[in-house]
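Observations on the three-dimensional arrangement
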Amino acid sequence: MAVSYCLSRAATAFTAVLLFSFGSVAASHIEDQAEQFFRSGHTNNWAVLVCTSRFWFNYRHVANTLSVYRSVKRLGIPDSHIVLMLADDMACNPRNPKPATVFSHKNMELNVYGDDVEVDYRSYEVTVENFLRVLTGRIPPSTPRSKRLLSDDRSNILIYMTGHGGNGFLKFQDSEEITNIELADAFEQMWQKRRYNELLFIIDTCQGASMYERFYSPNIMALASSQVGEDSLSHQPDPAIGVHLMDRYTFYVLEFLEEINPASQTNMNDLFQVCPKSLCVSTPGHRTDLFQRDPKNVLITDFFGSVRKVEITTETINLQQDSEIMESSYKEDQMGEELMEPLKYAEQLPVAQIIHQKPKLKDWHPPGGFILGLWALIIMVFFKTYGIKHMKFIF
Amino acid sequence: MAAAMPLALFVLLLPGPGGWCLAEPQRDSLREELVITPLPSGDVAATFQFRTRWDSELQREGVSHYRLFPKALGQLIAKYSLRELHLSFTQGFWRTRYWGPPFLQAPSGAELWVWFQDTVTDVDKSWKELSNVLSGIFCASLNFIDSTNTVTPTASFKPLGLANDTDHYFLRYAVLPREVVCTENLTPWKKLLPCSSKAGLSVLLKADRLFHTSYHSQAVHIRPVCRNARCTSISWELRQTLSVVFDAFITGQGKKDWSLFRMFSRTLTEPCPLASESRVYVDITNYNQDNETLEVNPAPTTTYQDVILGTRKTYAVYDLLDTAMIHNSRNLNIQLKWKRPPENGYIHYQPAQDRLQPHLLEMLIQLPANSVTKVSIQFERALLKWTEYTPDPNHGFYVSPSVLSALVPSMVAAKPVDWEESPLFNSLFPVSDGSNYFVRLYTEPLLVNLPTPDFSMPYNVICLTCTVVAVCYGSFYNLLTRTFHIEEPRTGGLAKRLANFIRRIRGVPPL
């Protein structure tokens, strides 16, 4: 009896201990799960950077886009995952006193154009149609890979747009506009086609907040440089170049991003505070209601940096020496040579041949429907007027 | 037995040296060269050429091993059955009059011409797809090439490589004059090079210097060539060329001394280890005459002479693969210095200031014999205020004639004369030295017809405006502010009128 009692005591103690350990394990599981829920689930990063303004005096819009390009490349997104659209060429513009450079700070401190830049859509290719095609993926089959946004449902995409805008629209190259409704619909198409996991939309134009008012797809966070009714102002002119170099909002965003490195833990709340009204003169706005996570848990590098899968290996590979290959093929050449007759180059200007060549006969195409119809009408009218008895004289 | 079998297997598996795994060893080689040509106008032209020759057959299917030949272009040749491809991007224009004939000129903008092989069935479709792929590779808007800007030349643009028959049906040519060349086109071009701006001549390719030029042209040429002098087999040749012309005034600050560092802001440090030849040629023809000498520093070890473009030229050769060259100094900076005798010209120029002083240009020049010298100056007339016009502005504005004061060598030596003895017509100008005489000549004055404003317009405008104001505004003003009274007809004689007059004075209502 006492033994069974002891046993039962031990058993209960044992089960209590087990339950306790299970409980703690379960608690840590739940914590892990909770952490996982707040961490972003993306596996790759893309960036679409668009400058929509043409002409030399809009230098600052190109400099804005290139400074975001530079930050995004520095933080790890490769060129193959960036679609850069610049509506005009400022670096090699005849009016640029320092060719092949685009500066963001006056006194030419920082050349954001750099030496390793890949512009995917340039000059006349930056149109509303091409932009929407890139976003939705509906591009003609012959488009090269560098001009496509090949995102999937685990991609975090950063979309940055700058240029001249108004209440509800953004102007492309002084000839067309994109409205906030079109943009919202394009994002909805992207959501329906599962082309993004999370999307960060930044716009630096006048009345920029109107562009994100109409979004209705989930997982979109938006930032704008000014509210409806306000203008976004430019930062500082450079007397040597003669134009304003950057817009204020993007200038301060660039300064903020220069402090970030790929391992930073800075979150979106800091980005929201970037340009207060005292520095920017306009009031930057943001919209997070469509976004599922709390902005304070979203890292800057979730959008501006890149997730890379790296496998470290310690085995060594020996490469073969080239000279062996070259010697062996030398011998092969000498052996097989005497078989063929010598080939020759074409004559660049064979005058005699050109003078006597006949012009190529164009392929004969049968007459089209219009011509046939016209002749049928003429013949019908003729026979109606003059009677069918004339037919035997014609045919 | 069991131990012997694995041993046998082991022996079997050991590969011999030099590749049983390579089915067909394909050799490719790289040659790079830079030609520096001082131009007659004081500028310097630099032409880079990188040639990768790939000894393999014309048909490209099934090849997957690329060594020096870039994979991007090799796959293009295979997929679109290309025979030749020539693509160039140019900014500027080669001024043959000032710079002499070019090695290879290209039109401003982008030019693409391609010969397809005769196995291609739909040439237009391949052409369209090819231009799209190239626009992705070179970051250019070549996708705008379509039937509206493509032609099929029937007599020119014969293939530059090996060809047995040339049916022009397989040739397509397009030019996009609006295409801009900038760093984004140079970057993929550089990435096609085997040593890719890390070693050899390609370290000099820095965008911020290459685009600060009067002429910049980069091109890619692919064609089949003879493998050797006997020409029994074919190799693919990829030539990447880049020509730039550095302007003496922009880059050189007016001085004609050039060096690699001044042109490219870099010097050559080591040769490309993958190159079989890496040379720099400097054109030193015609510069050893009495007038001026060109000194090249460091002194070249060898020179090369040949007939190029119709004239005999001499080049100083610097071989980067020659170990002595690089070991002497750790970098190679070729300098060109001009040693000229002191100038015996003189120029004085005083620019004009509006309403203060005119332009003044004085030049002392020595005219070479049997030549024609033209001097021209461009100027602008400032916009005049309306009070500064003459009453007859449509006559035009006069520009004062130019003056030429010359010392002309005389055929017969003159003796100095005594002014009092000789006739008056012989003593206009003093003669110091009998071998030449002084003469002063004038050109015609220039009458320039400038656009004149219409001086009657202020009067017309005032009349019209006043009329409009008077009629419209005046009428409205009257309608709005005038009140109308009904007036009784006047009755009564003079007495009544006088009485009314007195009553009005008193302020009493009239009768």
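What you are looking at is a predicted structure, and each value in this text was computed from that prediction instead of being measured. (Residues numbered from 1 in each chain as written. Chains lettered and ligands numbered in written order. Predicted model: local features only at pLDDT ≥ 70, side-chain atom pairs only at ≥ 80, totals over all residues. Heavy atoms only, no water.)

1. Things to note about the side chain of T267(B)
Selection rule: Runs of H or I in DSSP of at least four residues are treated as helices and runs of E of at least two as strands, each being numbered from the N terminus. Any two residues having at least one pair of non-hydrogen atoms within 4.5 Å are treated as being in contact.
Within the secondary structure, T267(B) is located in the loop between α7 (260-264) and β10 (275-283). Those residues in contact with T267(B) that sit more than four places away from it in its chain are V203(B), L204(B), F261(B), N331(B), L332(B) and N333(B).

2. Observations concerning the pattern of salt bridges
Going by this rule: The rule for a salt bridge is simple: a side-chain nitrogen of Lys or Arg has to be within 4 Å of a carboxyl oxygen of Asp or Glu. Think of it in three bands: with a 1.4 Å probe and only protein chains considered, a residue is buried below 20% of the maximum accessible area for its type, exposed above 50%, and partly exposed in between.
The full count for this structure, using the stated rule, is 32 salt bridges over all chains. With its nearest N and O atoms 2.8 Å apart, the salt bridge here joins E125(A) to K147(A). With a gap of 22 residues between them, E125(A) in the loop between β3 (121-122) and α3 (128-136) and K147(A) in the loop between α3 and β4 (155-162) connect regions that are remote in the sequence. Neither E125(A) nor K147(A) differs from the other in exposure class; each is buried. In this structure, the salt-bridge partner of R31(B) is E277(B), at a minimum N-O distance of 3.2 Å. Here R31(B), found in strand β1 (residues 28-38), pairs with E277(B), found in strand β10; they are 246 residues apart in sequence, far enough to count as distant. A single salt-bridge network, built from bridges that share partners, covers K73(A), D79(A), D116(A), E118(A) and K191(B).

3. Re the nonpolar core
Selection criterion: Nonpolar cores were defined as sets of buried Ala, Val, Leu, Ile, Met, Phe, Trp, Tyr and Cys residues, with membership established by side-chain atoms within 4.5 Å.
Counting residues in hydrophobic clusters, the biggest one holds 133 residues, and the most contacted among them are Y59(A), L66(A), F304(A), L85(B) and F116(B). If you look at the next biggest cluster of nonpolar residues, it comprises 37 residues, including V126(A), L135(A), A186(A) and M190(A).

4. With respect to helix α5 (residues 248-258) of chain A
Taking burial as the measure, the 11 residues of α5(A) include 8 buried ones, the bulk of the element. Along α5(A), the residues classified as buried are Y249(A), T250(A), F251(A), Y252(A), V253(A), L254(A), F256(A) and L257(A).

5. What to know about the interface of chain A and chain B
Note the following rule: Each of two parts loses accessible area, computed with a 1.4 Å probe, when they are put together; buried area is these two losses added. Polar contacts, as used here, are pairs of N or O atoms within 3.5 Å; protein pairs need one atom able to donate a hydrogen and one able to accept it. Residues neighboring in sequence count only if both atoms are side-chain atoms.
In this complex, chain A contributes 46 residues to the contact, which on the side of chain B involves 49 residues. For the chain A and chain B pair, buried surface summed over both sides reaches about 4,100 Å², with 50% attributable to carbon and sulfur atoms. K190(B) is paired through a salt bridge with D115(A); the nearest N and O atoms lie 3.8 Å apart. Where chain A packs against chain B, one counts 17 residue pairs in polar contact (both at pLDDT 80 or more).

6. Here's the deal with the environment of R95(A)
Tracing the sequence through the fold places R95(A) in the loop between β2 (82-86) and β3. Spatially, the C-alpha atom of R95(A) lies 77 Å from that of K392(A), the residues being 297 residues apart in sequence.

7. Describing the packing of helix α2 (residues 59-74) of chain A against α5(A)
All names here are of chain A. The following threshold applies: To obtain an axis, a line is fitted to C-alpha atoms, over the contacting stretch when the element is a helix, and the angle between two such axes runs from 0 to 180 degrees between their N-to-C directions. Under this scheme an angle from 65 to 115 degrees is roughly perpendicular, one under 35 degrees roughly parallel, and one over 145 degrees roughly antiparallel; angles in between are oblique. Note on convention: near helix rotated counterclockwise from far helix by under a right angle means a left-handed crossing. Clockwise means right-handed. In this count, Pro and Cys sit with the nonpolar residues alongside Ala, Val, Leu, Ile, Met, Phe, Trp and Tyr, while Asp, Glu, Lys and Arg are called charged and the others, Gly among them, polar.
In contact at an axis separation of 10 Å, α2 and α5 are set at 15° when each is read in the N-to-C sense. In terms of orientation, α2 and α5 fall into the roughly parallel class. Remark: the crossing between α2 and α5 carries left-handed chirality. Contacts between α2 and α5 involve N64, S67, V68, R70, S71 and R74 from the former and T250, L254, L257 and E258 from the latter. Class assignment for the residues of the contact of α2 with α5 results in 3 nonpolar, 4 polar and 3 charged.

8. Observations concerning the pairing of strand β6 (residues 171-176) of chain B
Residue and element names in this part refer to chain B. Definition in use: Between any two strands, pairing holds if DSSP finds at least two bridges.
With 5 of its 6 residues buried, β6 lies for the most part within the structure. Two elements, strand β5 (residues 150-151) and β6, share 2 bridges in a ladder whose sense is antiparallel. From the neighbouring strand, V151 faces β6, where its bridge partner is Y173.

9. A short note on the UniProt feature "active site" (unreviewed entry) in chain A
Residue and element names in this part refer to chain A. Worth spelling out the cut-off: UniProt positions are given in the numbering used here, feature names are shortened, and annotations may be inferred rather than shown by experiment.
The sites that UniProt annotates as "active site" (unreviewed entry) are H164 and C206. Of the residues just listed, which span 43 residues, no C-alpha pair is farther apart than 6.5 Å, and they cluster in one region. With respect to the helices, strands and loops of the structure, H164 is situated in strand β5 (residues 164-166). There is a polar contact of 2.9 Å between the side chain of H164 and the side chain of N58. Structurally, C206 is set in the loop between β8 (198-204) and β9 (220-224). Classification of C206 by relative accessible area gives buried; the value is 19%. With residues near it in sequence (within four places) discarded, C206 still touches G165, G166, S226, E230, D231 and S232.

10. Observations concerning the packing of α3(A) against helix α4 (residues 180-192) of chain A
Residues and elements named next belong to chain A. Running from N to C, α3 and α4 point in directions that differ by 25°, and their axes come no closer than 9 Å. Between α3 and α4, the crossing angle belongs to the class labelled roughly parallel. Read as a crossing pair, α3 and α4 show a hand that is right-handed. Residue-level inspection shows V128, F131, L132, L135 and T136 of α3 in contact with α4, the latter providing E182, L183, A186, F187, Q189 and M190. Looking at the contact of α3 with α4 residue by residue, the classes come out as 8 nonpolar, 2 polar and 1 charged.

11. Digging into the sheet that holds β5(A)
All names here are of chain A. The strand order across the open sheet built from 3 strands is β5-β6-β7, with neighbouring strands paired in antiparallel fashion. If you trace the sheet from one side to the other, it starts and ends with β5 and β7 (176-179), each paired once. Direction aside, the axes of adjacent strands within the sheet are offset by 30° on average. In this structure, strand β6 (residues 169-172) lies alongside β7, joined through 4 bridges in antiparallel fashion. The residue of β7 that forms the bridge with K171 is E177. Against the sheet, α3 contacts β6 and β7, and its axis sits at roughly 35° relative to β7.

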